[in-house]
Amino acid sequence: MKKRKIFVLFVLFLSLLATSCSGPTYESTSSTETHIVTDFKDRKVTLKKDIKRVCITFNIEEYLAIAGSSAMDKIVGWSHSYWVGRREDALSVYTKAFPQLMDKEDIGYGGNSTLNFEKMIDLNPDVILMSASVDYSSASEKLPLFDAASIPVVFFDYHVDTKESNRKSNMIIGSVMQEEQRALSISDFYDSKVDYIINTIDNAVDLKKPNVYMEFSKGKDVYGNTWSKKMWGSLIGKCGGNNIAYNLSDANSVDMAKEAIIANNPDVIILTGALQTGLNGNVVLGYNQDIVKAKEMLSTYLSRTEWADIPAVKNQNMYALYHDFSRHVFDFVGVEYLAKCIHPELFRDLNPENDLKEFFAKYMPVEAKGAFMVGLK
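From a predicted model like this one, the values you see are computed outputs, not experimental measurements.

Chemist: Sorry, what's going on with the pairing of strand β6 (residues 127–131) here?
Modeler: Remark: a regular strand shows side chains that alternate across the two faces of the sheet. Across the five residues that make up β6, a large majority, five, are buried. Alternating residues of β6 divide into Val127, Leu129 and Ser131 and Ile128 and Met130, and every residue in both groups is buried. Looking at chain direction, strand β3 (residues 54–56) and β6 are connected through three bridges and run parallel. When the sheet's bridge partners are listed, Ile56 is paired in β6 with Leu129. Across four bridges, β6 lies against strand β7 (residues 153–156) in parallel orientation. Directly across from Ser131, in β7, lies its bridge partner Phe156.

In C-alpha cells:
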C-alpha cells in the first residue's frame, strides 16, 4: 500500500507540474471499452463501459434505482455517516434487504468534511460517484490525486431540486452504469408528476399565494431551522406558496428567528421529520413509522409560546412530511404533498401516497411501507 501511495503522490507531482502550464485536460477516446460522460460540473470524464467497482457517497438510493438492485454488489465503499444516526429508518430497511451493506468500506461524508481520499484510492474503484452540493467543495482540490491514480470521479446533484437537474443527474448515473433507458423512464415518471403540479398552478385563475413556513422538527421548543432558496425552500414557490424565509441566506438550510416567523403570519406550516439519533420531539416519519404517533407529535407544536394567533395555528393548517423526500430521486412526492397542503382546493384528487408506492414498486429495491406524511386536519 505504501509503495502505491508513494507512486500516486509522485505522479500527482508530475501532473500538477504539467497542469500549471497547460491547464487540466481529460482524454477523449472512441474505444469500444470506454466512453465519455459529461458530469454535473461540465467535466468530461472517460470511463470504462463495464463498471465493476463503485465508490458512492450520498446517493445510494438514486444509484440503485437507476442501476438496479444487483448493482449493490459493485459498491466497494460508501458514506456511512449520511445514514448512521441520521437516516436510521432507511438504514434498517436497506440493511435488511442488503445485509452486506454495512460490510462495505466507509469512505467518509462530505457533509461533515470526513471524506477519506486515500481510502478511496486504495479501494481502486472503476468510478467514484459524488454529490456536487455535498462533496464538491471537499473533493475538488483532490481531483488531481484521482487523475494520477487513473480513478474517474463523476458529480451529479439532486439538491438543486429542479426537473432539469434531476433529469440530468439521472442520465449521468444512467450513462455511467450503462442504464440510460431506465434513467430515462425514471425521469419521465418524475416529470409527469411535477408537470401536473406546475401546470395546475400556472393555469389557476386569480391564485392567491398563502404565506408558508417550513421547519425541520427538533421539538416544539426549538424554533427556526428552515430553508430559503434551496431544498424545501425552492419547492414552496413552485407549489403556489410564498416562502416567508425566501430572502434569507442561500445556504442549504437557514435559521429564522421566532419573532420573524410570528411577524410573517404564516397561513400554512409544514414540518419535516425523520428518525434521527438524539432528537427529542421530532415528528418522526419514514419507513416503518407510526402515523398515529406522528400526528400526536405534530399536535404538540400547537402549544408553542405566542403561536396561538398565527393563522396556520388557529385554522390547524399544520402538516408534516418525511424530511428525506428532499434531495432524492423520489422528491416529486414532497412536491405533491406541499401542493396539496398549500392549495387543497386545487389538488383534492392528488394522492401522493399512491404515487410513492407506484414509484417504489417500479424502480426501488425496497418497499415504501410506513408513515410519510400527516396533517392535523
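Having seen the structure, we can now continue with the description.
Chemist: Please explain the sheet that holds β6 as it appears in this structure.
Modeler: Sheet strands pair via backbone hydrogen bonds, and the direction of the pair is either parallel or antiparallel. Strand order in the open sheet formed by five strands is β5-β4-β3-β6-β7, and the pairing between neighbours is parallel. Looking along the sheet, the strands with just one partner apiece sit at the ends: β5 (105–106) and β7. Strands β6 and β7 of the sheet are contacted by helix α7 (residues 163–176), whose axis makes an angle of about 155 degrees with β7.

Chemist: What am I meant to see in helix α8 (residues 180–203) here?
Modeler: The terminal C-alpha atoms of α8 lie 33 Å apart, and with 24 residues this matches the ideal 34 Å at 1.5 Å per residue to within 8%. Ala183, Ile186, Ser187, Phe189, Tyr190, Asp191, Lys193, Val194, Ile197, Thr200 and Ile201 are the residues of α8 that are buried. Looking at the buried residues of α8, the elements they touch are α2 (60–67), α7, α9 (232–238), α13 (332–342) and α14 (352–363).

Chemist: In this structure, what is going on with the pattern of salt bridges? I would like to understand it.
Modeler: Two side chains of opposite charge can pair, provided their charged atoms sit close to one another. For the structure shown, the criterion picks out 16 salt bridges. For Arg43, the salt bridge goes to Asp39, with nearest N and O atoms at 2.6 Å. Summarising the burial analysis for this pair, Arg43 and Asp39 share the class buried. For Arg167, the salt bridge goes to Asp188, with nearest N and O atoms at 2.7 Å. Separated by 21 residues along the polypeptide, Arg167 in helix α7 and Asp188 in helix α8 bring together distant segments of the chain.

So, how was this worked out
Residues numbered from 1 in each chain as written. Predicted model: local features only at pLDDT ≥ 70, side-chain atom pairs only at ≥ 80, totals over all residues. Heavy atoms only, no water. Buried < 20%, exposed > 50% of the residue type's maximum accessible area, 1.4 Å probe, protein only. Helix = DSSP H or I, 4+ residues; strand = E, 2+ residues; numbered from the N terminus. Pairing = 2+ DSSP bridges. Contact = heavy atoms within 4.5 Å. Axes fitted to C-alpha atoms, helices over the stretch in contact; angles between N-to-C directions. Expected span 1.5 Å × (residues − 1). Salt bridge = Lys/Arg side-chain N within 4 Å of Asp/Glu carboxyl O.

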